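# Understanding the architecture of this molecule
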Amino acid sequence: MLRTSASRVLDDSDRDEVLALLDTDPVANVFVSSRVRAVGLNPARLGGQMWGFGPRGGLVSLCYAGANMVPVNAGPEAVHAFADRARKQGRRCSSIVGPVDAVSLLWERLEPYWGRPRAIRWAQPVMAISRRPPVPADPLVRRVRPDEFDILLPASVAMFTEEVGISPNLGDGGALYRTRVAELIRIGRSYARIENGKVVFKAEVGAVTPHACQIQGVWVAPELRGRGHAVAGMAAVVEAAMDCFAPVVSLYVNDYNRSARAVYRKVGFHEVDTFMSVLF
């Protein structure tokens, strides 16, 4: 067994060092970096704890432990320390997600204690684009207005259910999910093509830093698939994201979703990393 130091819970006094570490890989770390930049490291605001591995001034790894558990720059020693803390604390997250090497090792250590997950996505290519798309953008894709929440919500629920395998309305009746959908609309990060009161295409810019942003929630109405809406819609969202948020646009996708990967390649995305997700 590896001999390791224990992890520690970080706070706002560690913010600059945490951001410096996160910025060493702005695409892989965009979700965690976005959270830290928005609310800091106080657990009450962060919605969880940030664990650090390494002494103050010598931080080498992180693990965001909130609704999701996300290891950052975590080698074997750090993973062992994070797994030890997670095991003692008990499972509080709905997923573990991040670079495949760290997540696979973290799950190997936690599986005997946390039990069988609902699903494991063993390989999720991380894709990024830093140039304008080579294909025409859909001119009808635009920011969703607050008064269109009731139009967007059913499409968002359908997307989540199709992607994750369960409805976001379970548990709390969907209250937290509705709040998140409304918030992305309010801050101008929800995009869609809406025709006759129905969503044709939708996507959101879910995480934003000065260096990169991440698209999520890509969805085309099932009866309209295969008509080019995804390629043109994604091109429009990428252009808007580059103009409004960050110079690099990223996303991650299940390796078995060949049609989605083909769409993203047509838009100009290329693979830069591989994630893994354990879903509970």
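Whatever comes next refers back to the structure up there.
Read on for an overview of the structure. (Residues numbered from 1 in each chain as written. Predicted model: local features only at pLDDT ≥ 70, side-chain atom pairs only at ≥ 80, totals over all residues. Heavy atoms only, no water.)

Turning next to empty space enclosed by the protein. Within this structure, the stated rule accounts for one cavity of 30 Å³ or more. Estimated volume of the largest cavity: approximately 40 Å³. Along the walls of the largest cavity sit Ala 28, Asn 29, Val 32, Val 70, Pro 71, Val 72, Gly 98, Pro 99 and Phe 275, which together make up its complete lining. Those elements that place two or more of their residues in the lining of the largest cavity are β4 (68-72) and β5 (95-99). (1 Å grid on protein atoms, 1.4 Å probe; cavity = no way out; pocket = protein on both sides within 12 Å on 5 of 7 lines; lining within 4 Å. Points joined across faces, edges and corners; volume = space filled by probe spheres on them. Helix = DSSP H or I, 4+ residues; strand = E, 2+ residues; numbered from the N terminus.)

Turning to the pairing of strand β2 (residues 49-53), a few remarks are in order. Summarising burial for β2: four of the five residues are buried, a large majority. Here strand β1 (residues 8-9) pairs with β2 via two bridges, running antiparallel. When the bridges of β2 are listed, Val 9 appears paired with Trp 51. (Buried < 20%, exposed > 50% of the residue type's maximum accessible area, 1.4 Å probe, protein only. Pairing = 2+ DSSP bridges.)

The next subject is the sheet that holds strand β8 (residues 190-195). A sheet is described by the order of its strands in space; here twelve strands give the open sequence β1-β2-β3-β4-β5-β12-β6-β11-β10-β9-β8-β7, paired in mixed fashion. Lying at the two open borders of the sheet, with one neighbouring strand each, are β1 and β7 (142-143). Pairing between strand β3 (residues 61-65) and β4: four bridges, direction antiparallel. Residue pairing in the sheet places Cys 63 in a bridge with Pro 71 of β4. Across the face of the sheet, helix α8 (residues 229-244) comes into contact with β6 (119-129), β7, β8, β9 (198-208), β10 (213-220) and β11 (249-252) while running at roughly 35° to β9. (Contact = heavy atoms within 4.5 Å. Axes fitted to C-alpha atoms, helices over the stretch in contact; angles between N-to-C directions.)

Our next topic: the nonpolar core. With 47 residues, the main nonpolar core has Met 234, Val 249, Tyr 264 and Phe 269 as its most contacted residues. Broken down by element, the residue count for this core peaks at ten residues, all from α8. Apart from residues no more than four positions distant in its own chain, Met 234 is found in contact with Phe 201, Ile 215, Val 218, His 229, Leu 251, Val 263, Tyr 264, Val 267 and Phe 269. (Core = buried A, V, L, I, M, F, W, Y, C linked by side-chain atoms within 4.5 Å.)

Within this structure, the stated rule accounts for 17 salt bridges. With a closest N to O distance of 2.5 Å, Asp 12 and Arg 45 form a salt bridge. With a gap of 33 residues between them, Asp 12 in the loop between β1 and α1 (15-22) and Arg 45 in helix α3 (residues 43-46) connect regions that are remote in the sequence. The exposure class of Arg 45 is partly exposed, given its relative accessible area of 43%. Where Lys 88 meets Asp 84, a salt bridge forms, and the shortest distance between an N and an O atom there is 3.1 Å. One end of the pair is Lys 88 and the other is Asp 84, both in helix α4 (residues 76-89) and four residues apart, which spans about a single turn. (Salt bridge = Lys/Arg side-chain N within 4 Å of Asp/Glu carboxyl O.)

Quick look at α1 now. Turning to α1, its buried residues number three or more, namely Val 18, Leu 19, Leu 21 and Leu 22. An end-on view of α1 places all buried positions within 160° of arc, on one side of the element. Residues of α1 that are buried sit in contact with α2 (30-39), β3 and β4. (Arc of directions from axis to C-beta.)

For any two helices packed against each other, one specifies the crossing angle of their axes together with the interaxial distance. For the pair α4 and helix α5 (residues 100-114), interaxial distance at closest approach is 9 Å and the crossing angle is 30°. By the angle class used here, α4 and α5 are roughly parallel. Crossing hand, α4 versus α5: right-handed. Within the contact between the two elements, α4 uses Pro 76, Val 79, His 80, Phe 82, Ala 83, Ala 86 and Arg 87 and α5 uses Ala 102, Leu 105, Leu 106, Arg 109, Leu 110, Tyr 113 and Trp 114. Taken together, the residues that form the contact of α4 with α5 break down as eleven nonpolar, one polar and two charged. (Parallel < 35°, antiparallel > 145°, perpendicular 65-115°, else oblique. Left-handed = near helix turned anticlockwise from the far one by under 90°. Nonpolar A, V, L, I, M, F, W, Y, C, P; charged D, E, K, R; others polar.)

The next subject is unusual backbone geometry. Most peptide bonds adopt trans geometry, and most residues besides glycine take a negative phi value. One non-glycine residue, Asn 73, lies in the positive phi region at around 50°. Located in the positive-phi region is Asn 196, a residue other than glycine, with phi close to 55°. For Asn 196, a relative accessible area of 81% corresponds to the exposed category.

Considered as a void within the structure, the second largest pocket measures approximately 150 Å³ in volume. Thr 24, Asp 25, Ala 28, Asn 29, Val 72, Asn 73, Ala 74, Pro 99, Asp 101, Ala 102 and Asp 273 together form the lining of the second largest pocket. A class-by-class count of the residues in the lining of the second largest pocket yields five nonpolar, three polar and three charged.

Next up on the list: the packing of aromatic side chains. This model, assessed by the stated rule, comprises seven aromatic pairs. With a centroid separation of 5.2 Å and an interplanar angle of 55°, the aromatic rings of Tyr 252 and Phe 275 are classed as tilted. Pair noted here: Tyr 252 is in strand β11 and Phe 275 is in strand β12 (residues 270-279), with a separation of 23 residues, a long-range link. The exposure class of Tyr 252 is partly exposed, given its relative accessible area of 33%. Residue Phe 275 is classed as buried on the basis of its relative accessible area of 6%. An aromatic cluster is present here, built from Trp 107, Trp 114 and Phe 280 joined pairwise through their rings. The lysine or arginine in question, Arg 87, covers the ring of Tyr 113, its NZ or CZ lying 5.2 Å from the ring centre. (Phe/Tyr/Trp six-rings, centres within 6.5 Å; stacked < 30°, edge-to-face > 60°. Lys NZ or Arg CZ within 6 Å of the ring centre and 35° of its normal.)

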